[in-house]
Amino acid sequence: MENKNNNKEEYFLAKWLEGEIADQDLKLLVSTNDYLSFLELRNGINNYELLEQPLNTSLTKIKNRIAFKKKNTTNKTSYRWTLSIAATLAILFGLFFLMASNEINHTTAFGEQKTIELPDGSLATMNSKSGINFNPNSWVTNRVLNLTGEAYFKVKKGSQFTVNTTSGNISVLGTEFNVKTTDNFFEVVCFEGKVKVNYDHKEFILTPGKSVRKINKNQEEEYFTTNNFPAWTTGESKFMSVPLEFVIQSLEKQYNLEIQSNEVDLTRIYTGSFTHQDLDIALASVFKTMNIKYLKKENGIISLE
Amino acid sequence: MIRDLNNICNDLVFEKLFHKYAKDLRRFLFFKTKDVDLAEDILQDAFIKLWDNCATVNFDKSKSFLFTVANNLFLNIKKHEKVVAEHQKTTIKSSNQESPEFVMLEKEFLEKIEKAIADLPEKQKEVFLLSRIEKKKYREIAEILGISVKAVEKRMHLALIKMKDKIGNI
């Protein structure tokens, strides 16, 4: 018995550093001086670890931000005049709008992506055919916004930040996450920090890499991703075991198409991605891999058979 | 050819500069901010500023450019915090975390830790790094090294005692 007890505490420092032994228990095992030294040592080791972390993710993020900027700052030099007039009009209109309803609306068109800065410096990147609206006046005390479609949020630390959708609500303190919602499709992916999802009276806590989604009437499912940011922000839409119906919806939003599915079974499961740059490649990468024939007609109508 | 190697606007050159300076810059920012996330944000902003100005910044001056920009970004944030604090009329005095003494103490301490790790016997160092840097569980380390979990814990335990003694002594 005594021997067993001894064994358990034999290498207590190793266990303490892993958190298996609490600080106050360590205090009983060593002198007060040593106890303080060990606490200090652990602090130092933690800092050392943080500073030795690989920098690859930082580089990827920097590259993404640069790529994003490039896309948004073309044609800067010309049309200065028109731009300034347009800006003035926009401000006037914005002011009028502000006074009228106190709400700010942002929407994206087919194939468009847009990043908006919220009053506290948080960023929201919207995918095509999405909308965000919020009240800037109460933002300081109440960080709430409404979302339709899909958006990627990078939230500044601070008070509670809530995203309302017709399907469910997401609340966080300061983190990065992606929300996608259409009819019968709801998905939240957490990239950093912690995200709380309330859906249909159920609550899910997501940690980095974790994701929860609900498709049609199926049970909510939780799964893992290995990405550090959503693929669509780099010009690609990715799907993991998603019914064809929702892939087609995304294609339509991205390229402003009308896809006539005819006799094709829309419940078939698709895993893969399509590019935002080239329609032909995108169509091929979805339908050819599913062995579905498609026909391009006029006015952006695609017919499947 | 040589021109190309010194052209920061070239992706490869930019990446090379990142790998060369990012780690030092992160340390520098961490000592100033004491906040990993903030240090990371400023780090990214500084490199993006470098990219924005890649055509005008001299290759040999890129290091000082990065550190100056980072420092200014840090000071701007501090200034902004002060304004916010005054605005909210909170009279909490900001701690002098960025004072030179503090930065130096913190830096010295980290250097001591680094030295203590470097001076560990090979077997203890191996276990320590696998655990703290590679984030492996003791069980996984035991598997990798082909020893018992108990032996892993022993090495870790001894390593911590050794490091504590070393740091206490200096």
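For the structure itself, consult the block above.
On a predicted model such as this, the values are computed, not experimentally measured, just so you know.

Student: Help me understand the sheet that holds strand 15 (residues 258-260) of chain A, please; the structure alone is not making it clear to me.
Tutor: Working definition: the strands of a sheet are paired by backbone hydrogen bonds and lie parallel or antiparallel to each other. Residue and element names in this part refer to chain A. A sheet is described by the order of its strands in space; here three strands give the open sequence 15-18-17, paired in mixed fashion. Edge strands, defined here as strands with exactly one partner in the open sheet, are strand 15 and strand 17 (294-296). With direction set aside, neighbouring strand axes in the sheet form an average angle of 20 degrees. One ladder, built from three bridges, connects strand 17 with strand 18 (residues 301-304); its direction is antiparallel. Residue pairing for strand 18: Leu-295 is matched across the bridge by Ser-303. Packing of helix 8 (residues 279-288) onto the sheet brings it into contact with strand 15, strand 17 and strand 18, and relative to strand 17 it is tilted by some 160 degrees.

Student: Before we go on, may I ask you to explain the interface of chain A and chain B in this structure?
Tutor: Bring the parts together and some accessible area is lost; that lost area is often taken as the interface size. Facing 37 residues of chain A, the contacting portion of chain B comprises 44 residues. Roughly 4100 Å² of surface becomes buried between chain A and chain B when both sides are summed, with 66% attributable to carbon and sulfur atoms. Summed over the three residues of chain A that lose the most area to chain B, namely Tyr11(A), Tyr48(A) and Leu51(A), the buried surface amounts to 18% of that side. Linking chain A with chain B are eight salt bridges, by the criterion used here.

Student: Help me understand the environment of Glu52(A) in this model?
Tutor: Residue placement: Glu52(A) occurs in helix 4 (residues 32-52). Relative accessible area serves as the criterion here: at 24%, Glu52(A) is assigned to the partly exposed category. Residues contacting Glu52(A), with those up to four places away along its chain left out, are Lys23(B), Arg26(B), Glu114(B) and Ile133(B). Polar side-chain contacts of Glu52(A) include one of 3.2 Å to the side chain of Lys23(B).

Student: Honestly, the pairing of strand 3 (residues 123-126) of chain A in this entry has me stumped. Any pointers?
Tutor: Where a strand is regular, its side chains alternate between the two sheet faces. All names here are of chain A. Of the strand pairs in this sheet, strand 2 (residues 114-117) and strand 3 are connected by four bridges, and their pairing is antiparallel. Counterpart to Ile-116 in the pairing with strand 3 is Ala-124. Between strand 2 and strand 3, which follow one another and run antiparallel, lie five residues, and Gly-121 among them has a positive phi close to 95 degrees. Pairing of strand 3 with strand 5 (residues 143-154), which is carried by four bridges, proceeds in the antiparallel orientation. Within the sheet, the bridge partner assigned to Met-126 lies in strand 5 and is Ala-151.

Student: Is there a simple way to think about the state of the cysteines in this case?
Tutor: Covalently bonding the sulfur atom of one cysteine to the sulfur atom of another cysteine gives a disulfide. All names here are of chain B. With the rule as written, the count across this model stands at one disulfide over all chains. Each sulfur in the disulfide pair Cys-9 and Cys-54 lies 2.0 Å from the other. The disulfide joining Cys-9 to Cys-54 has a torsion of about 95 degrees about its S-S bond and is therefore right-handed. Pair noted here: Cys-9 is in the loop between helix 1 (2-5) and helix 2 (11-33) and Cys-54 is in the loop between helix 3 (36-52) and helix 4 (62-87), with a separation of 45 residues, a long-range link. Residue classification places Cys-54 among the buried residues on the basis of a relative accessible area of 11%.

Student: Teacher, can you tell me more about unusual backbone geometry here?
Tutor: Among all residues save glycine, negative phi is the norm, and among peptide bonds the norm is trans. All names here are of chain A. Even without a glycine there, the phi angle at Lys-129 is positive, about 50 degrees. Relative to the helices and strands, Lys-129 is located in the loop between strand 3 and strand 4 (131-134). Relative accessible area serves as the criterion here: at 38%, Lys-129 is assigned to the partly exposed category. Notably, Ser-241 is not glycine yet its phi reads approximately 50 degrees, a positive angle. Structurally, Ser-241 is set in strand 14 (residues 236-243). Residue classification places Ser-241 among the partly exposed positions, given a relative accessible area of 37%.

Student: Honestly, the packing of aromatic side chains in this entry has me stumped. Any pointers?
Tutor: Given two aromatic rings, one states the distance between the centres and the angle between the planes to describe the pair. With the rule as written, the count across this model stands at 13 aromatic pairs over all chains. Their ring planes at 25 degrees and their centres at 5.2 Å tell us that Phe153(A) and Phe177(A) sit as a pair that is stacked. Taken together, the residues span a long stretch of sequence, with Phe153(A) in strand 5 and Phe177(A) in strand 8 (residues 176-182) at a distance of 24 residues. The class for Phe153(A) is buried, based on a relative accessible area of 0%. Here Phe177(A) falls in the buried class, since its relative accessible area comes to 0%. Here the aromatic cluster, defined as three or more aromatic residues joined through ring pairs, consists of Phe14(B), Phe18(B), Phe47(B) and Trp51(B). Residue placement shows Lys180(A) over the ring face of Phe185(A); its charged tip is 5.3 Å from the ring centre.

Student: Just to check I follow, could you spell out the pairing of strand 5 of chain A for this structure?
Tutor: All names here are of chain A. By the bridge criterion, four bridges tie strand 4 to strand 5 in an arrangement that is antiparallel. Across the sheet, residue Phe-134 finds its bridge partner in strand 5, namely Leu-145. Pairing analysis gives four bridges linking strand 5 to strand 6 (residues 161-164), with the strands arranged parallel. Across the sheet, residue Arg-143 finds its bridge partner in strand 6, namely Phe-161.

Student: Would you mind showing me how to read the pattern of salt bridges here?
Tutor: Once their charged atoms are close, side chains differing in charge can pair, the charge on each being opposite to the other. Tallied over the entire structure, the rule returns 20 salt bridges over all chains. Measuring nitrogen to oxygen at the nearest pair gives 3.5 Å for the salt bridge that ties Asp119(B) to Lys166(B). In this pair, Asp119(B) sits in the loop between helix 5 (100-118) and helix 6 (122-132) while Lys166(B) sits in helix 8 (residues 149-169), placing the two residues 47 residues apart along the sequence. Residue class for Asp119(B) comes out partly exposed when judged on its relative accessible area of 36%. Classification of Lys166(B) by relative accessible area gives partly exposed; the value is 35%. A salt bridge links Glu122(B) to Lys125(B), with the shortest nitrogen-to-oxygen separation between them at 3.8 Å. With a gap of three residues between them, Glu122(B) and Lys125(B) both fall in helix 6, about one helical turn apart. Given a relative accessible area of 59%, Glu122(B) falls into the exposed group. By sharing partners, the salt bridges in this structure join Glu18(A), Glu49(A), Arg132(B) and Lys135(B) into a single network.

Conventions adopted
Here the residue numbering is sequential within each chain, running from 1 through the sequence in written order. All chains are assigned letters beginning at A, and all ligands numbers beginning at 1, according to the order in which they are written. With pLDDT at 70 or above as the cut-off, local features in this predicted model cover only qualifying residues; side-chain atom pairs require 80 or more to be listed or tallied, and sums for whole chains, interfaces and linings still use all residues. Side-chain figures throughout are based on the complete set of non-hydrogen atoms in the structure, without hydrogens or water. Two strands make a pair as long as DSSP finds a minimum of two bridges between them. Secondary structure elements are defined from DSSP: runs of H or I of at least 4 residues count as helices, runs of E of at least 2 residues count as strands, and each element is numbered from the N terminus. Only the stretch in contact is used when fitting a helix axis, every axis being a line fitted to C-alpha atoms; angles between N-to-C directions are given from 0 to 180 degrees. Note on definitions: a residue-residue contact is assigned when non-hydrogen atoms from the two residues lie within 4.5 Å. Using a 1.4 Å probe, buried area is obtained as the accessible area two parts lose upon being combined, added over both of them. A side-chain nitrogen of Lys or Arg and a carboxyl oxygen of Asp or Glu constitute a salt bridge if their distance falls within 4 Å. Under the scheme applied here, a residue whose accessible area is under 20% of the maximum for its type counts as buried, over 50% as exposed, and between as partly exposed, the area being computed with a 1.4 Å probe on protein chains only. Within 3.5 Å is the distance limit for a polar contact, defined as a pair of N or O atoms, with the added protein rule that one can donate a hydrogen and the other accept it, and that residues adjacent in sequence qualify only through two side-chain atoms. Two cysteine sulfur atoms form a disulfide, by the criterion used here, when they sit within 2.5 Å. Each Phe, Tyr or Trp ring, with Trp reduced to its six-membered ring, pairs with another whose centre is within 6.5 Å; inter-plane angles below 30 degrees give stacked pairs, above 60 give edge-to-face pairs, and intermediate values give tilted ones. Note on geometry: a ring has a charge over it if NZ (lysine) or CZ (arginine) is within 6 Å of the ring centre and within 35 degrees of the ring normal.

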